[in-house]
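# Chains, contacts and geometry: an overview
Spelled out from the first residue to the last, the chains are:
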Amino acid sequence: MKQSKFSSFEQGRVAYQLLRWTVLVIPVSLIVGSLVALFLWLLETVTHIRWEHEWLLWGLPIAGVFIYWLYRLGGKQADKGNNLIMEEIHQPGGGVPARMAPLVLATTILTHLFGGSAGREGTAVQIGGSMAGWIGKQLRLPAADLRILLMTGIAAGFGAVFGTPLTGAVFALEVLAIGVMRYDALVPCLIAAVFADVVCSAWGIHHTHYHINYIDHPLVDSLPFIHLDIWLLAKVIVCGVAFGLSSFLFSTLMHNIKHNAQAYIKIPWLIPVVGGIVILLLSYIAGTTDYLGLGVSSKSPNGISILAAFETNSSVNDWSWLWKLVFTAITLGMGFKGGEVTPLFFIGATLGHTLALLLGAPVDLFAGLGFIAVFAGATNTPIACTLMGVELFGTTHVLYFAVACFTAYYFSGHSGIYGAQKLEVRKWR
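This section reports on the structure supplied with the text. Every value quoted in this text rests on a predicted model; they were computed, and no experiment measured them.

## A look at the overall build of the chain
Counting its secondary structure elements, the chain contains 16 helices and two strands. Considering only contacts within the chain whose residues lie at least 6 apart along the sequence, 77% involve residues at least 24 apart. Surface summary for the chain: the accessible area is close to 18800 Å², and the carbon and sulfur share equals 66%. Across the chain, 24 positive and 22 negative side-chain charges occur, with their mean positions spaced 15 Å apart.

## Remarks on helix H12 (residues 320–333)
Counted at 1.5 Å a residue, the expected span for H12 with its 14 residues is 20 Å, and the 20 Å between its end C-alpha atoms agrees. With 11 of 14 residues buried, H12 lies mostly within the body of the structure. Within H12, burial applies to Ser320, Trp321, Lys324, Leu325, Phe327, Thr328, Ala329, Ile330, Thr331, Leu332 and Gly333. Residues of H12 that are buried in the fold lie against helix H4 (100–113), helix H9 (230–264), helix H10 (270–286) and helix H13 (341–359). Directly after H12, the chain includes Gly335, whose backbone phi takes a positive value near 105 degrees.

## Re the packing of aromatic side chains
Evaluation of the coordinates by the stated rule reveals 21 aromatic pairs. Judged by centre distance (5.9 Å) and plane angle (45 degrees), the rings of Phe310 and Phe393 are tilted. With Phe310 in the loop between helix H11 (306–309) and H12 and Phe393 in helix H15 (residues 382–393), this residue pair connects regions lying 83 residues apart in the sequence. Phe393 matches Phe310 in its accessibility class, with the two residues each being buried.

## Comments concerning H15
Look at H15: 16 Å from first C-alpha to last across 12 residues, which is about the 16 Å you get at 1.5 Å a residue. Immediately downstream of H15, the backbone of Gly394 shows phi near 95 degrees, a positive value.

## Comments concerning the layout of surface pockets
Put simply, the largest pocket is a space of about 880 Å³. Surrounding the largest pocket, 35 residues form its lining, Asp79, Lys258, Leu332, Gly335 and Lys337 being those nearest its centre. Looking at the lining of the largest pocket, the elements with two or more residues in it are helix H2 (60–74), helix H3 (82–90), helix H5 (121–138), H9, H10 and H12. The residue makeup of the lining of the largest pocket, split by class, is 16 nonpolar, 11 polar and eight charged. In this structure, the second largest pocket spans a volume of roughly 630 Å³. Lining the second largest pocket are 32 residues, and of these Glu44, Arg120, Thr208, Leu294 and Val296 lie nearest its centre.

## Quick look at the pattern of salt bridges
Taken as a whole and judged by the stated rule, the model has five salt bridges. Between Asp79 and Lys337 there is a salt bridge whose closest N-O contact spans 2.7 Å. Linking Asp79 in the loop between H2 and H3 with Lys337 in the loop between H12 and H13, this pair joins segments that are 258 residues apart in sequence. Given a relative accessible area of 42%, Asp79 falls into the partly exposed group. Relative accessible area serves as the criterion here: at 15%, Lys337 is assigned to the buried category. The residue Asp184 makes a salt bridge to Arg147 at a minimum N-O spacing of 2.5 Å.

Rules used throughout
Residues numbered from 1 in each chain as written. Predicted model: local features only at pLDDT ≥ 70, side-chain atom pairs only at ≥ 80, totals over all residues. Heavy atoms only, no water. Helix = DSSP H or I, 4+ residues; strand = E, 2+ residues; numbered from the N terminus. Contact = heavy atoms within 4.5 Å. Areas by Shrake-Rupley, 256 points an atom, 1.4 Å probe, with all protein chains shown as cover. Lys, Arg positive; Asp, Glu negative; His and termini not counted. Charge placed at Lys NZ, Arg CZ, Asp CG, Glu CD. Expected span 1.5 Å × (residues − 1). Buried < 20%, exposed > 50% of the residue type's maximum accessible area, 1.4 Å probe, protein only. Phe/Tyr/Trp six-rings, centres within 6.5 Å; stacked < 30°, edge-to-face > 60°. 1 Å grid on protein atoms, 1.4 Å probe; cavity = no way out; pocket = protein on both sides within 12 Å on 5 of 7 lines; lining within 4 Å. Points joined across faces, edges and corners; volume = space filled by probe spheres on them. Nonpolar A, V, L, I, M, F, W, Y, C, P; charged D, E, K, R; others polar. Salt bridge = Lys/Arg side-chain N within 4 Å of Asp/Glu carboxyl O.

In structure tokens, the structure reads:
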């Protein structure tokens, strides 16, 4: 690479840009971190209210109508959610409205209060994007800077809601397009994610802790240059394929439900009504309410949840992952609000639990692998999800994390939960 005659001034310009972006990003982090903290507190509160008053489930169809009219009367473009933020980053247009933050926060809380199966990442990212967009407009930033500021909003929201700032920063860079990453926003996104996570934690928010207790041993002690269990690695690859296929199934089913609901239910506000009724019927058929809400924990100590998936002797059954997949695809495909990622964690962890028992593999390790790999396949972000494994579970099994996430990424195809995600580099030729 030819050295520029102005290279002696590059470090000065870099220092100036770092200082400038730190000043720009701190307000985003303060606002987003605080709003995410409020959102997580409200989410935990309404979840316990629903556990104590299960009759609230009967209000899910009515809540769906209320959510529809909130967006119909005041939402405008905000109904496009994460896709609108990604579109504005790709090609600046009408901007991301500030009303997106209160709308998605309120409607996600309603969805969870009345028993919809949804997550929290989408809400946090929309809060981050809308607040970053609002600050950018107030400062009259040019389009190039506004694009980066929107990316910092994604990083801040994601990093704060899961307590994984490094993952949040890389996710914001990786999620926009399949096959490429936008390094021009690398440091601003990292600053935003770290500060937002600090702010969220400063409000007293505590994130769920997961543990993988399995200790890996080489398969052949006589071959000291092999530092892992080759047979276990083969099982990880097989399960990575299954995780990728489940990601594909979830994305395809959710998009098809949304498309067909809009095509065949001619009265728009009836779509969430039908969706709510179907969710109630499925809960009756499944014989449990464990597939509603986030699914991180359960009302019952013996219930089906993400935490239960890490235990060998738990109530997780062979089809828990499919039940959650269907519940969530219907909830989000038929007009209710919330994220997809925590349900993807549930799907992956319970599928990993089932496959581990089938293959004679460590349950806690494979639950953790499914946790991050199904998410990697559905969002096409294998690097961010590998880092999430490190931030949540530690570095001991990082090679297995990478193998599972990368395999799932390829076998999920070119589908994904975000319609605005661009295809820059195909996964195969």
